[in-house]
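Coordinate analysis (summary)
The lines below spell out each chain.
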Amino acid sequence: MQEIRLRFAKTDTAKYISHLDINRAFQRAFSRAKIDLWFTEGFNPHPYMSFSLPLSLGVESLCENVDIRILNDISNEEIKNKMNEVLPSGIRIVEVYSDFMDSHDIAFSDYVYKFEFNDNEMALGKIKSVLEQDEILALKKGKKGKKRILKETDIKQFIDKYSISIRDNQIVLNIRLLAGSDKNLNPSLLFDTIIRLIEMDFEYKSISRIRLLTKDLKEYK
C-alpha cells in the first residue's frame, strides 16, 4: 500500500460542484480508472480519501488536494493520466506525489477576486475604504436556542495582506486570508460583506484560490 497526494484544479462550471459531490466524483473516477483504493476497516468500510481544505461552493481553485491510499503498483504519472481521462470537465489533476505536508500545516490561502461594476472607479474607492477600516463587520448565520439569527463578526482579523487595482475593466483584489484550523475565513463571506457595505450592484464576479501557504509562508504541498 502507498499513500499519495493528488493536486487538482477545479475551474469553470466545476466550481458549482459541492464538496460532497466532488468526493463522489473522485470515487467514481478512481473506479473507472481502475485504481484500487485502500478501504477503511470496521463496520462501514469506505475508500480512504482526505481533502486538505474543502472549498466554498462557487469558488475556483488551482491548488486543491486529496490524499489517498492505493493498493496498485502504478506510477504517479500513470495515476495522473488515467484520472484526467475520466474526471468531469473542469477538474484536472495537476500533480501526483508521495512526500507531502500535513493539512494542519496550512495557515493562509491566497485568493484573486475579480469584480465588475457599472462604475469601477467608484467601486474601487468604496472597496478600498472597506478594507482600510479597523473593523469589518460581516453577518454570519448562527443560532440562539432553536432560533436562527444573523450575528455580526469582525472579519478584519482574518485578512493578512491585500492589493487592489483596476485591470482590463475589472477590479482585481489579491488577498491573503487566514486558513488555519483555528482561524479561517470563508472567501464567499468576505465577498458578500464587501458588496453589502459598498451598497453597489456588481455586473460580474469571480473568486479563485491560487495558493495555500504554511505559517512560514512556504507553499503547502
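Residues numbered from 1 in each chain as written. Predicted model: local features only at pLDDT ≥ 70, side-chain atom pairs only at ≥ 80, totals over all residues. Heavy atoms only, no water.

Quick word on the packing of aromatic side chains
Our working rule: The pairing test for Phe, Tyr and Trp rings, Trp by its six-membered ring, is centres within 6.5 Å, and the orientation test on the planes gives stacked under 30 degrees, edge-to-face over 60, and tilted for anything in between. Numbering of helices and strands runs from the N terminus, with a helix taken as a DSSP run of H or I at least four residues long and a strand as a DSSP run of E at least two residues long. Here, over-ring charges are defined by two tests on the NZ atom of lysine or the CZ atom of arginine: distance to the ring centre within 6 Å, and angle to the ring normal within 35 degrees.
The final tally for this structure, using the stated rule, is 10 aromatic pairs. Seen from their ring centres, W38 and Y48 are 6.3 Å apart, and the 65 degrees between their planes marks the pair as edge-to-face. Of this pair, W38 sits in the loop between helix 1 (19–32) and strand 2 (49–51) while Y48 sits in the loop between helix 1 and strand 2, placing them 10 residues apart in sequence. Here F191 and F202 contribute two aromatic rings whose centre-to-centre distance is 5.2 Å and whose plane-to-plane angle is 80 degrees, an arrangement assigned as edge-to-face. Of this pair, F191 sits in helix 4 (residues 187–198) while F202 sits in strand 10 (residues 202–214), and the two are 11 residues apart along the sequence. A cation over an aromatic ring shows up here: R69 above the ring of Y48, its NZ or CZ 4.1 Å from the ring centre.

Some details on the layout of surface pockets
A probe as big as a water molecule, rolled over the atoms, marks out the empty space that is left. Applied cut-off: A 1.4 Å probe that fits but cannot get out identifies a cavity on a 1 Å grid over protein atoms alone, an open set with protein on both sides within 12 Å along at least five of seven lines counts as a pocket, and a residue lines either if it has an atom within 4 Å of a point. Grid points are joined across faces, edges and corners, and a volume is the space filled by probe spheres set on the points. Basically, the charged four are Asp, Glu, Lys and Arg, the nonpolar ten are Ala, Val, Leu, Ile, Met, Phe, Trp, Tyr, Cys and Pro, and anything else, Gly included, counts as polar.
There is about 180 Å³ of room inside the largest pocket. Of all elements in the fold, only strand 5 (106–117) and strand 9 (170–178) reach the threshold of two or more residues within the lining of the largest pocket. Residues of the lining of the largest pocket, tallied by class, amount to 9 nonpolar, 4 polar and 1 charged.

Things to note about the nonpolar core
Our working rule: We define the nonpolar core as a collection of buried residues of types Ala, Val, Leu, Ile, Met, Phe, Trp, Tyr and Cys that are connected through side-chain atoms lying within 4.5 Å of one another. Summary of the burial criterion: residues with accessible area below 20% of their type's maximum are buried, those above 50% are exposed, and those between are partly exposed, where the area comes from a 1.4 Å probe applied to protein chains only. Pairs of residues are marked as contacts when any of their non-hydrogen atoms sit within 4.5 Å.
If you look at the biggest cluster of nonpolar residues, it comprises 34 residues, and the most contacted ones within it are Y113, F115, F117, I127 and L190. Within the residue set of this core, elements represented by two or more residues are strand 5, helix 3 (120–132), strand 8 (159–167), strand 9, helix 4 and strand 10. In contact with L190, other than residues within four places in its own chain, are Y113, I155, I159, I175, L177 and L185. Of all hydrophobic cores here, the second largest spans 23 residues; its members include A29, L37, F51 and V96.

Structural notes on helix 1
Residues three or four positions apart in an α-helix share a direction because the helix packs 3.6 residues into each turn. Spelled out, the test is: A helix's residues, less one, multiplied by 1.5 Å, set its expected span.
Between the first and last C-alpha of helix 1 there are 20 Å, a value that for 14 residues agrees with the 20 Å anticipated at 1.5 Å per step. The inward-facing, buried residues of helix 1 abut strand 1 (2–10), strand 2, strand 3 (60–70), helix 2 (76–86) and strand 4 (91–97). Once helix 1 finishes, K34 follows within two positions and takes phi at roughly 60 degrees, a positive value.

Looking at unusual backbone geometry
The residue D12 is not glycine, and still its phi comes out positive at about 55 degrees. The residue D12 is located in the loop between strand 1 and helix 1 in this model. Take D12: its relative accessible area is 52%, and that puts it in the exposed class. In this structure, E199 takes a positive phi of about 55 degrees despite not being glycine. Looking at where E199 falls in the secondary structure, it is placed in the loop between helix 4 and strand 10. The exposure class assigned to E199 is exposed, which follows from its relative accessible area of 70%.

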